[in-house]
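Summary of the model geometry
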Protein chains: 2
Amino acid sequence: MLRLYGSRWSPNAKRVALVLLEKQVRFEAVEVDMINREHKNVSYVAKQPFAEVPYIDDEGLVLYESRAICRYICKKYPNQGTPLVPAEDDLRAYGLFEQAASVEIYNFDVHVQAAAYESVVKPALGMKTNKANYEKHLKTLGQKLDIYDSILARQRFITGDEISLVDLFHIPYAVELEDAGCDIMNTRPNVARWWKELKARPSWQAVKETIGSSP
Amino acid sequence: MLRLYGSRWSPNAKRVALVLLEKQVRFEAVEVDMINREHKNVSYVAKQPFAEVPYIDDEGLVLYESRAICRYICKKYPNQGTPLVPAEDDLRAYGLFEQAASVEIYNFDVHVQAAAYESVVKPALGMKTNKANYEKHLKTLGQKLDIYDSILARQRFITGDEISLVDLFHIPYAVELEDAGCDIMNTRPNVARWWKELKARPSWQAVKETIGSSP
(Lines give C-alpha, C1' and ligand atoms only; values in the text may rest on other atoms or scores of the structure.)
Protein backbone atom coordinates (compact mmCIF):
# COMPACT_ATOMS: atom_id res chain seq x y z
CA MET A 1 0.00 0.00 0.00
CA LEU A 2 1.07 3.58 -0.59
CA ARG A 3 2.68 5.11 2.51
CA LEU A 4 2.56 8.83 3.19
CA TYR A 5 5.39 9.96 5.46
CA GLY A 6 3.97 13.17 6.84
CA SER A 7 3.10 15.04 9.97
CA ARG A 8 0.08 16.67 11.53
CA TRP A 9 2.32 19.78 11.72
CA SER A 10 2.83 19.91 7.98
CA PRO A 11 0.41 21.72 5.64
CA ASN A 12 2.33 20.15 2.75
CA ALA A 13 1.60 16.65 4.06
CA LYS A 14 -2.07 17.62 4.43
CA ARG A 15 -2.06 18.71 0.78
CA VAL A 16 -1.07 15.18 -0.25
CA ALA A 17 -3.55 13.49 2.10
CA LEU A 18 -6.30 15.74 0.73
CA VAL A 19 -5.62 14.68 -2.86
CA LEU A 20 -5.28 11.00 -1.95
CA LEU A 21 -8.71 11.23 -0.33
CA GLU A 22 -10.22 13.07 -3.33
CA LYS A 23 -8.80 10.39 -5.63
CA GLN A 24 -10.02 7.60 -3.32
CA VAL A 25 -6.55 6.09 -3.05
CA ARG A 26 -6.03 3.91 0.02
CA PHE A 27 -2.90 4.83 1.95
CA GLU A 28 -1.18 4.43 5.27
CA ALA A 29 -0.23 7.67 7.03
CA VAL A 30 3.12 7.44 8.83
CA GLU A 31 3.78 10.21 11.36
CA VAL A 32 7.26 11.72 11.10
CA ASP A 33 8.27 13.07 14.51
CA MET A 34 9.18 16.60 13.44
CA ILE A 35 9.39 17.86 17.03
CA ASN A 36 12.32 15.49 17.56
CA ARG A 37 13.69 16.36 14.10
CA GLU A 38 13.24 12.87 12.70
CA HIS A 39 13.17 14.46 9.23
CA LYS A 40 16.81 15.50 9.71
CA ASN A 41 17.98 11.91 10.41
CA VAL A 42 20.35 10.20 7.97
CA SER A 43 17.80 7.46 7.23
CA TYR A 44 15.12 10.05 6.43
CA VAL A 45 17.43 12.17 4.28
CA ALA A 46 18.28 9.04 2.27
CA LYS A 47 14.65 9.19 1.08
CA GLN A 48 14.14 12.97 1.05
CA PRO A 49 17.55 14.67 0.52
CA PHE A 50 16.18 18.15 1.31
CA ALA A 51 15.08 16.88 4.75
CA GLU A 52 11.50 18.05 4.32
CA VAL A 53 8.06 16.54 4.92
CA PRO A 54 6.27 14.76 3.22
CA TYR A 55 7.35 11.99 0.90
CA ILE A 56 5.54 8.90 -0.32
CA ASP A 57 6.69 5.34 -0.85
CA ASP A 58 4.38 3.86 -3.48
CA GLU A 59 5.36 0.20 -3.66
CA GLY A 60 9.05 1.17 -3.82
CA LEU A 61 8.80 4.41 -5.79
CA VAL A 62 9.90 7.15 -3.41
CA LEU A 63 8.67 10.62 -4.35
CA TYR A 64 8.80 13.96 -2.58
CA GLU A 65 7.47 17.51 -3.08
CA SER A 66 3.76 17.66 -2.27
CA ARG A 67 2.52 19.12 -5.56
CA ALA A 68 4.57 16.59 -7.55
CA ILE A 69 3.09 13.72 -5.53
CA CYS A 70 -0.43 15.02 -6.14
CA ARG A 71 0.16 15.29 -9.89
CA TYR A 72 1.60 11.75 -9.90
CA ILE A 73 -1.49 10.41 -8.10
CA CYS A 74 -3.78 12.04 -10.67
CA LYS A 75 -1.72 10.56 -13.52
CA LYS A 76 -1.79 7.10 -11.95
CA TYR A 77 -5.54 7.10 -11.22
CA PRO A 78 -7.18 9.07 -14.04
CA ASN A 79 -10.55 7.30 -13.75
CA GLN A 80 -10.89 7.11 -9.98
CA GLY A 81 -12.28 9.70 -7.54
CA THR A 82 -12.63 13.37 -8.50
CA PRO A 83 -11.17 14.37 -11.90
CA LEU A 84 -8.63 17.01 -10.85
CA VAL A 85 -6.55 17.53 -13.98
CA PRO A 86 -7.64 18.34 -17.56
CA ALA A 87 -8.23 15.61 -20.11
CA GLU A 88 -4.94 14.52 -21.74
CA ASP A 89 -5.96 15.71 -25.21
CA ASP A 90 -7.29 19.16 -24.27
CA LEU A 91 -4.32 21.41 -25.01
CA ARG A 92 -6.06 24.68 -24.13
CA ALA A 93 -7.32 23.32 -20.81
CA TYR A 94 -3.83 21.99 -20.11
CA GLY A 95 -2.27 25.42 -20.70
CA LEU A 96 -4.80 27.14 -18.42
CA PHE A 97 -4.31 24.48 -15.74
CA GLU A 98 -0.54 25.00 -15.78
CA GLN A 99 -1.04 28.78 -15.73
CA ALA A 100 -3.18 28.46 -12.59
CA ALA A 101 -0.67 26.04 -11.04
CA SER A 102 2.11 28.62 -11.36
CA VAL A 103 -0.14 31.42 -10.14
CA GLU A 104 -0.88 29.42 -6.98
CA ILE A 105 2.83 29.05 -6.23
CA TYR A 106 4.12 32.52 -7.09
CA ASN A 107 1.16 34.74 -6.26
CA PHE A 108 -0.47 32.89 -3.38
CA ASP A 109 1.70 30.27 -1.71
CA VAL A 110 4.90 32.27 -1.22
CA HIS A 111 2.98 34.94 0.66
CA VAL A 112 0.52 32.77 2.60
CA GLN A 113 3.41 30.51 3.61
CA ALA A 114 5.56 33.43 4.78
CA ALA A 115 2.62 34.92 6.73
CA ALA A 116 1.82 31.55 8.34
CA TYR A 117 5.48 31.12 9.24
CA GLU A 118 5.38 34.40 11.17
CA SER A 119 1.97 33.95 12.80
CA VAL A 120 1.78 30.17 13.33
CA VAL A 121 5.17 28.43 13.14
CA LYS A 122 7.30 30.96 15.01
CA PRO A 123 4.95 31.24 18.03
CA ALA A 124 4.69 27.42 18.13
CA LEU A 125 8.50 27.20 18.26
CA GLY A 126 8.78 29.91 20.90
CA MET A 127 10.25 32.38 18.40
CA LYS A 128 9.24 36.01 18.09
CA THR A 129 6.97 37.00 15.16
CA ASN A 130 8.43 39.62 12.85
CA LYS A 131 5.31 41.75 12.57
CA ALA A 132 6.68 43.93 9.75
CA ASN A 133 7.40 40.84 7.66
CA TYR A 134 3.96 39.40 8.48
CA GLU A 135 2.24 42.64 7.43
CA LYS A 136 4.33 42.91 4.26
CA HIS A 137 3.33 39.46 3.03
CA LEU A 138 -0.30 39.93 4.09
CA LYS A 139 -0.46 43.18 2.15
CA THR A 140 0.94 41.56 -1.00
CA LEU A 141 -1.38 38.58 -0.52
CA GLY A 142 -4.32 41.00 -0.37
CA GLN A 143 -3.25 42.61 -3.66
CA LYS A 144 -3.02 39.19 -5.28
CA LEU A 145 -6.43 38.22 -3.87
CA ASP A 146 -7.92 41.32 -5.49
CA ILE A 147 -6.83 39.81 -8.81
CA TYR A 148 -8.06 36.36 -7.77
CA ASP A 149 -11.42 37.99 -7.05
CA SER A 150 -11.65 39.35 -10.60
CA ILE A 151 -10.76 35.90 -12.00
CA LEU A 152 -13.26 34.16 -9.71
CA ALA A 153 -15.97 36.63 -10.77
CA ARG A 154 -15.83 34.99 -14.21
CA GLN A 155 -15.40 31.32 -13.26
CA ARG A 156 -16.29 29.04 -10.37
CA PHE A 157 -12.77 27.70 -9.72
CA ILE A 158 -9.27 29.02 -10.27
CA THR A 159 -8.50 26.99 -13.41
CA GLY A 160 -12.02 27.26 -14.87
CA ASP A 161 -15.51 26.00 -14.06
CA GLU A 162 -14.37 22.61 -12.78
CA ILE A 163 -12.44 22.03 -9.57
CA SER A 164 -8.79 21.07 -10.10
CA LEU A 165 -5.69 20.16 -8.13
CA VAL A 166 -4.79 23.85 -8.11
CA ASP A 167 -7.86 24.83 -6.06
CA LEU A 168 -7.05 22.14 -3.51
CA PHE A 169 -3.41 23.26 -3.30
CA HIS A 170 -4.58 26.54 -1.74
CA ILE A 171 -6.33 24.97 1.23
CA PRO A 172 -3.73 23.85 3.81
CA TYR A 173 -1.74 27.05 4.38
CA ALA A 174 -4.80 29.30 4.08
CA VAL A 175 -6.48 27.25 6.82
CA GLU A 176 -3.38 27.65 9.03
CA LEU A 177 -3.55 31.40 8.59
CA GLU A 178 -7.30 31.48 9.22
CA ASP A 179 -6.99 29.33 12.34
CA ALA A 180 -4.48 31.90 13.62
CA GLY A 181 -7.19 34.56 13.35
CA CYS A 182 -6.53 36.03 9.90
CA ASP A 183 -9.70 36.85 7.94
CA ILE A 184 -8.11 37.60 4.56
CA MET A 185 -9.84 34.74 2.67
CA ASN A 186 -13.30 36.11 3.55
CA THR A 187 -13.01 39.80 2.67
CA ARG A 188 -13.51 39.66 -1.11
CA PRO A 189 -16.88 38.35 -2.40
CA ASN A 190 -15.76 35.88 -5.07
CA VAL A 191 -12.72 34.66 -3.16
CA ALA A 192 -14.95 34.20 -0.08
CA ARG A 193 -17.50 32.16 -2.09
CA TRP A 194 -14.71 29.99 -3.55
CA TRP A 195 -12.97 29.61 -0.20
CA LYS A 196 -16.17 28.55 1.57
CA GLU A 197 -16.77 25.85 -1.05
CA LEU A 198 -13.20 24.54 -0.85
CA LYS A 199 -13.04 24.33 2.94
CA ALA A 200 -16.36 22.47 3.07
CA ARG A 201 -15.15 19.56 0.93
CA PRO A 202 -15.54 16.25 2.78
CA SER A 203 -11.95 15.39 1.78
CA TRP A 204 -10.60 18.33 3.77
CA GLN A 205 -12.74 17.39 6.76
CA ALA A 206 -11.33 13.87 6.51
CA VAL A 207 -7.69 15.00 6.42
CA LYS A 208 -7.84 15.74 10.14
CA GLU A 209 -8.98 12.19 10.83
CA THR A 210 -6.23 10.62 8.72
CA ILE A 211 -3.12 12.57 9.68
CA GLY A 212 -4.42 14.67 12.55
CA SER A 213 -4.43 18.44 12.96
CA SER A 214 -1.77 20.68 14.46
CA PRO A 215 -2.45 21.38 18.11
CA MET B 1 2.48 33.09 -35.49
CA LEU B 2 3.03 32.76 -31.76
CA ARG B 3 3.87 36.11 -30.16
CA LEU B 4 6.00 36.33 -27.02
CA TYR B 5 5.35 39.54 -25.10
CA GLY B 6 8.55 39.82 -23.08
CA SER B 7 11.47 42.03 -22.28
CA ARG B 8 15.23 41.87 -22.41
CA TRP B 9 15.04 42.80 -18.71
CA SER B 10 13.04 39.71 -17.81
CA PRO B 11 14.69 36.37 -16.95
CA ASN B 12 11.19 34.85 -17.06
CA ALA B 13 10.73 35.98 -20.67
CA LYS B 14 14.16 34.52 -21.50
CA ARG B 15 13.02 31.19 -20.00
CA VAL B 16 10.17 31.06 -22.53
CA ALA B 17 12.35 32.14 -25.47
CA LEU B 18 14.89 29.46 -24.51
CA VAL B 19 12.28 26.71 -24.60
CA LEU B 20 10.71 27.98 -27.85
CA LEU B 21 14.18 27.82 -29.42
CA GLU B 22 14.86 24.31 -28.04
CA LYS B 23 11.50 23.17 -29.42
CA GLN B 24 12.17 24.90 -32.76
CA VAL B 25 8.94 26.87 -32.60
CA ARG B 26 8.91 30.01 -34.73
CA PHE B 27 7.80 33.06 -32.79
CA GLU B 28 7.77 36.82 -32.87
CA ALA B 29 9.30 38.53 -29.85
CA VAL B 30 7.43 41.69 -28.83
CA GLU B 31 9.35 43.97 -26.45
CA VAL B 32 7.25 45.24 -23.53
CA ASP B 33 8.60 48.60 -22.40
CA MET B 34 9.07 47.76 -18.73
CA ILE B 35 11.08 50.93 -18.05
CA ASN B 36 7.98 52.95 -18.91
CA ARG B 37 5.79 50.46 -17.03
CA GLU B 38 3.90 49.30 -20.10
CA HIS B 39 3.14 46.06 -18.21
CA LYS B 40 1.04 48.09 -15.74
CA ASN B 41 -1.19 49.55 -18.49
CA VAL B 42 -4.88 48.63 -18.59
CA SER B 43 -4.52 47.05 -22.03
CA TYR B 44 -1.63 44.88 -20.83
CA VAL B 45 -3.39 43.86 -17.61
CA ALA B 46 -6.38 42.75 -19.69
CA LYS B 47 -4.06 40.02 -21.00
CA GLN B 48 -1.94 39.42 -17.88
CA PRO B 49 -3.99 40.38 -14.79
CA PHE B 50 -0.99 40.14 -12.44
CA ALA B 51 0.82 42.78 -14.57
CA GLU B 52 3.89 40.65 -15.07
CA VAL B 53 6.10 39.71 -18.01
CA PRO B 54 5.89 37.53 -20.15
CA TYR B 55 2.74 36.26 -21.77
CA ILE B 56 2.16 34.59 -25.12
CA ASP B 57 -0.58 34.97 -27.68
CA ASP B 58 -0.68 31.71 -29.63
CA GLU B 59 -3.20 32.34 -32.41
CA GLY B 60 -5.65 33.80 -29.88
CA LEU B 61 -4.83 31.66 -26.84
CA VAL B 62 -3.35 34.03 -24.28
CA LEU B 63 -1.24 32.33 -21.63
CA TYR B 64 1.01 33.66 -18.86
CA GLU B 65 3.44 32.29 -16.24
CA SER B 66 6.71 31.28 -17.89
CA ARG B 67 6.88 27.67 -16.68
CA ALA B 68 3.24 27.08 -17.71
CA ILE B 69 3.95 28.44 -21.18
CA CYS B 70 7.00 26.16 -21.52
CA ARG B 71 4.97 23.10 -20.50
CA TYR B 72 2.24 24.07 -22.96
CA ILE B 73 4.79 24.36 -25.79
CA CYS B 74 6.15 20.88 -25.00
CA LYS B 75 2.63 19.46 -24.97
CA LYS B 76 1.78 21.11 -28.31
CA TYR B 77 4.99 20.02 -30.06
CA PRO B 78 5.90 16.61 -28.65
CA ASN B 79 7.80 15.48 -31.74
CA GLN B 80 9.64 18.67 -32.61
CA GLY B 81 13.00 19.94 -31.31
CA THR B 82 14.53 18.60 -28.09
CA PRO B 83 12.36 16.19 -26.06
CA LEU B 84 12.08 18.06 -22.75
CA VAL B 85 9.32 16.20 -20.90
CA PRO B 86 8.94 12.48 -20.16
CA ALA B 87 6.99 10.18 -22.48
CA GLU B 88 3.24 10.37 -21.74
CA ASP B 89 3.02 6.73 -20.63
CA ASP B 90 6.05 6.66 -18.31
CA LEU B 91 4.49 7.15 -14.87
CA ARG B 92 7.73 6.85 -12.89
CA ALA B 93 9.55 9.34 -15.14
CA TYR B 94 6.57 11.67 -14.85
CA GLY B 95 6.71 11.56 -11.05
CA LEU B 96 10.44 12.25 -10.99
CA PHE B 97 10.03 15.09 -13.50
CA GLU B 98 7.37 16.73 -11.36
CA GLN B 99 9.52 16.23 -8.25
CA ALA B 100 12.41 18.04 -9.94
CA ALA B 101 10.07 20.77 -11.18
CA SER B 102 8.97 21.54 -7.62
CA VAL B 103 12.56 21.33 -6.33
CA GLU B 104 13.60 23.96 -8.89
CA ILE B 105 10.91 26.36 -7.68
CA TYR B 106 11.14 25.90 -3.93
CA ASN B 107 14.80 25.07 -3.39
CA PHE B 108 16.48 27.04 -6.17
CA ASP B 109 14.35 29.74 -7.75
CA VAL B 110 13.04 31.46 -4.63
CA HIS B 111 16.60 32.01 -3.41
CA VAL B 112 18.33 32.78 -6.71
CA GLN B 113 15.52 35.20 -7.55
CA ALA B 114 15.75 36.97 -4.19
CA ALA B 115 19.56 37.20 -4.47
CA ALA B 116 19.34 38.54 -8.03
CA TYR B 117 16.73 41.07 -6.92
CA GLU B 118 19.19 42.44 -4.35
CA SER B 119 22.31 42.35 -6.51
CA VAL B 120 20.95 43.06 -10.00
CA VAL B 121 17.47 44.61 -10.00
CA LYS B 122 17.83 47.02 -7.08
CA PRO B 123 21.11 48.57 -8.34
CA ALA B 124 19.60 48.87 -11.84
CA LEU B 125 16.64 50.77 -10.35
CA GLY B 126 18.87 52.99 -8.22
CA MET B 127 17.75 51.25 -5.02
CA LYS B 128 20.08 50.19 -2.21
CA THR B 129 20.94 46.48 -1.92
CA ASN B 130 19.99 44.89 1.39
CA LYS B 131 23.24 43.01 1.93
CA ALA B 132 21.94 40.95 4.85
CA ASN B 133 19.03 39.71 2.76
CA TYR B 134 21.38 38.97 -0.16
CA GLU B 135 23.73 36.98 2.08
CA LYS B 136 20.83 35.11 3.71
CA HIS B 137 19.46 33.87 0.40
CA LEU B 138 22.94 33.10 -0.96
CA LYS B 139 23.70 31.01 2.12
CA THR B 140 20.48 29.02 1.78
CA LEU B 141 21.08 28.64 -1.96
CA GLY B 142 24.52 27.21 -1.16
CA GLN B 143 22.98 24.66 1.21
CA LYS B 144 20.50 23.61 -1.46
CA LEU B 145 23.29 23.38 -4.06
CA ASP B 146 25.15 20.99 -1.74
CA ILE B 147 22.13 18.68 -2.11
CA TYR B 148 21.95 19.36 -5.86
CA ASP B 149 25.60 18.29 -6.02
CA SER B 150 24.82 14.93 -4.42
CA ILE B 151 21.93 14.40 -6.86
CA LEU B 152 24.06 15.43 -9.85
CA ALA B 153 26.80 13.03 -8.72
CA ARG B 154 24.41 10.20 -9.62
CA GLN B 155 22.81 11.56 -12.79
CA ARG B 156 23.70 13.91 -15.62
CA PHE B 157 20.70 16.22 -15.32
CA ILE B 158 18.38 17.23 -12.51
CA THR B 159 15.46 14.99 -13.50
CA GLY B 160 17.62 12.05 -14.63
CA ASP B 161 20.07 11.27 -17.41
CA GLU B 162 18.20 13.22 -20.09
CA ILE B 163 17.89 16.99 -20.20
CA SER B 164 14.42 18.30 -19.34
CA LEU B 165 12.49 21.53 -19.04
CA VAL B 166 13.52 21.65 -15.39
CA ASP B 167 17.24 21.96 -16.20
CA LEU B 168 16.51 24.82 -18.58
CA PHE B 169 14.32 26.58 -15.99
CA HIS B 170 17.43 27.13 -13.84
CA ILE B 171 19.37 29.10 -16.45
CA PRO B 172 18.02 32.66 -16.66
CA TYR B 173 18.23 33.81 -13.01
CA ALA B 174 21.48 31.93 -12.34
CA VAL B 175 23.04 33.76 -15.31
CA GLU B 176 21.83 37.09 -13.89
CA LEU B 177 23.49 36.31 -10.60
CA GLU B 178 26.70 35.13 -12.28
CA ASP B 179 26.86 38.21 -14.50
CA ALA B 180 26.69 40.28 -11.29
CA GLY B 181 29.88 38.56 -10.11
CA CYS B 182 28.52 35.69 -8.02
CA ASP B 183 30.45 32.42 -8.44
CA ILE B 184 28.06 30.10 -6.57
CA MET B 185 27.23 27.90 -9.58
CA ASN B 186 30.90 26.96 -10.05
CA THR B 187 31.99 25.99 -6.55
CA ARG B 188 30.62 22.42 -6.34
CA PRO B 189 32.02 19.86 -8.82
CA ASN B 190 28.83 18.23 -10.11
CA VAL B 191 26.80 21.42 -10.10
CA ALA B 192 29.66 23.15 -11.96
CA ARG B 193 29.78 20.39 -14.60
CA TRP B 194 26.00 20.57 -15.07
CA TRP B 195 25.97 24.37 -15.10
CA LYS B 196 28.73 24.54 -17.73
CA GLU B 197 26.78 22.19 -19.99
CA LEU B 198 23.52 24.13 -19.59
CA LYS B 199 24.99 27.56 -20.25
CA ALA B 200 26.72 26.31 -23.39
CA ARG B 201 23.52 25.24 -25.12
CA PRO B 202 23.10 26.99 -28.47
CA SER B 203 19.52 27.83 -27.48
CA TRP B 204 20.74 29.96 -24.58
CA GLN B 205 23.27 31.71 -26.80
CA ALA B 206 20.45 32.42 -29.25
CA VAL B 207 18.13 33.91 -26.60
CA LYS B 208 20.24 37.07 -26.57
CA GLU B 209 19.78 37.47 -30.33
CA THR B 210 16.00 37.00 -30.15
CA ILE B 211 14.95 39.11 -27.19
CA GLY B 212 18.21 40.89 -26.34
CA SER B 213 20.13 40.92 -23.10
CA SER B 214 19.80 43.26 -20.16
CA PRO B 215 22.28 46.14 -20.39
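Residues numbered from 1 in each chain as written. Chains lettered and ligands numbered in written order. Predicted model: local features only at pLDDT ≥ 70, side-chain atom pairs only at ≥ 80, totals over all residues. Heavy atoms only, no water.

In the nomenclature of an unreviewed UniProt entry, chain A corresponds to glutathione transferase from the organism Exidia glandulosa HHB12029.

This part covers the UniProt feature "domain: GST N-terminal" (unreviewed entry) in chain A. Following the UniProt record, the feature "domain: GST N-terminal" (unreviewed entry) maps to residues 1-81 of chain A here. Taken end to end, residues 1-81 of chain A has its terminal C-alpha atoms 17 Å apart, with 33% of it in helix and 22% in strand. (UniProt positions renumbered as here; feature names shortened; annotations may be inferred. Helix = DSSP H or I, 4+ residues; strand = E, 2+ residues; numbered from the N terminus.)

Right, let's talk about empty space enclosed by the protein for a bit. Tallied over the entire structure, the rule returns one cavity of 30 Å³ or more. Surrounding the largest cavity, 15 residues form its lining, A:Arg71, A:Ile105, B:Arg71, B:Glu98 and B:Ile105 being those nearest its centre. Listed by contribution, the elements that provide at least two residues to the lining of the largest cavity are helix 3 (66-76) and helix 4 (91-124) of chain A together with helix 3 (66-76) and helix 4 (91-124) of chain B. Of the residues that constitute the lining of the largest cavity, the class distribution is seven nonpolar, two polar and six charged. (1 Å grid on protein atoms, 1.4 Å probe; cavity = no way out; pocket = protein on both sides within 12 Å on 5 of 7 lines; lining within 4 Å. Points joined across faces, edges and corners; volume = space filled by probe spheres on them. Nonpolar A, V, L, I, M, F, W, Y, C, P; charged D, E, K, R; others polar.)

Further remarks concern the domain arrangement of chain A. Residue and element names in this part refer to chain A. Taken domain by domain, chain A consists of domain 1 (2-84 + 204-211) and domain 2 (91-201). Taken together, the contact between domain 1 and domain 2 spans 17 residues of the former and 20 residues of the latter. For the pair domain 1 and domain 2, the summed buried area comes to about 1,700 Å², and 61% of that belongs to carbon and sulfur atoms. The interface formed by domain 1 and domain 2 contains five salt bridges. Where Glu-104 meets Arg-67, a salt bridge forms, and the shortest distance between an N and an O atom there is 2.9 Å. At the junction of domain 1 and domain 2, the tally comes to nine residue pairs in polar contact (both at pLDDT 80 or more). Looking at the side of domain 1 that touches domain 2, the elements that each hand over two or more residues are helix 1 (11-22), helix 3 and helix 9 (202-211). Sorting elements by how many residues they give to the side of domain 1 that touches domain 2 places helix 1 first, with seven residues. (Domains from an automatic or database assignment. Contact = heavy atoms within 4.5 Å. Buried area = accessible area lost by both parts, 1.4 Å probe. Salt bridge = Lys/Arg side-chain N within 4 Å of Asp/Glu carboxyl O. Polar contact = N/O pair within 3.5 Å; in protein donor to acceptor, adjacent residues only side chain to side chain.)

Before going further, it helps to spend a moment on the pairing of strand 1 (residues 2-6) of chain B. Residue and element names in this part refer to chain B. Where burial is concerned, most of strand 1 is hidden: four out of the five residues are buried. Note that strand 1 and strand 2 (residues 27-31) share five bridges and pair parallel. Note on strand 2: the bridge partner recorded for Leu-4 is Ala-29. In this fold, strand 1 hands off to helix 1 (residues 11-22), which returns the chain to strand 2; that crossover is right-handed. As defined by bridge partners, strand 1 adjoins strand 3 (residues 55-58) across three bridges and the pair is classed as antiparallel. What sits directly across from Leu-4, in strand 3, is Ile-56. (Buried < 20%, exposed > 50% of the residue type's maximum accessible area, 1.4 Å probe, protein only. Pairing = 2+ DSSP bridges. Right-handed = clockwise from strand over helix to strand, strands pointing away.)

The next thing to look at is the packing of aromatic side chains. Counting across every chain of the model gives 12 aromatic pairs over all chains. Pairing B:Tyr5 with B:Tyr55 gives two aromatic rings, centres 4.5 Å apart and planes at 10°, and the pair type is stacked. A residue pair is termed long-range when its members are at least 10 positions apart, and B:Tyr5 in strand 1 and B:Tyr55 in strand 3 qualify at 50 residues. Taking the relative accessible area as the measure of exposure, B:Tyr5 reaches 16% and is therefore buried. Put simply, the rings of A:Phe50, A:Tyr64, B:Phe108, B:Tyr148 and B:Trp194 touch in pairs and so form one group of aromatic residues. Seen from the ring of B:Tyr94, A:Lys75 lies directly overhead, with NZ or CZ sitting 4.8 Å from the centre. (Phe/Tyr/Trp six-rings, centres within 6.5 Å; stacked < 30°, edge-to-face > 60°. Lys NZ or Arg CZ within 6 Å of the ring centre and 35° of its normal.)

Before going further, it helps to spend a moment on the interface of chain B and chain A. Between chain B and chain A, the residue contacts involve 33 residues of the former and 33 residues of the latter. Each partner contributes to the roughly 3,300 Å² buried at the junction of chain B and chain A, and carbon and sulfur atoms together form 66% of this total. Considering only the side of chain B, the residues that lose the most area to chain A are B:Phe50, B:Lys75 and B:Tyr106, jointly responsible for 21% of the buried surface there. With its nearest N and O atoms 3.0 Å apart, the salt bridge here joins A:Glu88 to B:Lys75.

All names here are of chain B. The strand order across the open sheet formed by four strands is 2-1-3-4, and the pairing between neighbours is mixed. Two strands bound the open sheet, and with one partner strand each, they are strand 2 and strand 4 (61-64). This sheet shows a mean twist of 20° between the axes of neighbouring strands, independent of strand direction. Two strands pair when backbone bridges link them, and strand 3 and strand 4 are joined in this way by four bridges, in the antiparallel orientation. In the strand pairing of strand 4, Asp-57 is matched with Val-62. (Axes fitted to C-alpha atoms, helices over the stretch in contact; angles between N-to-C directions.)

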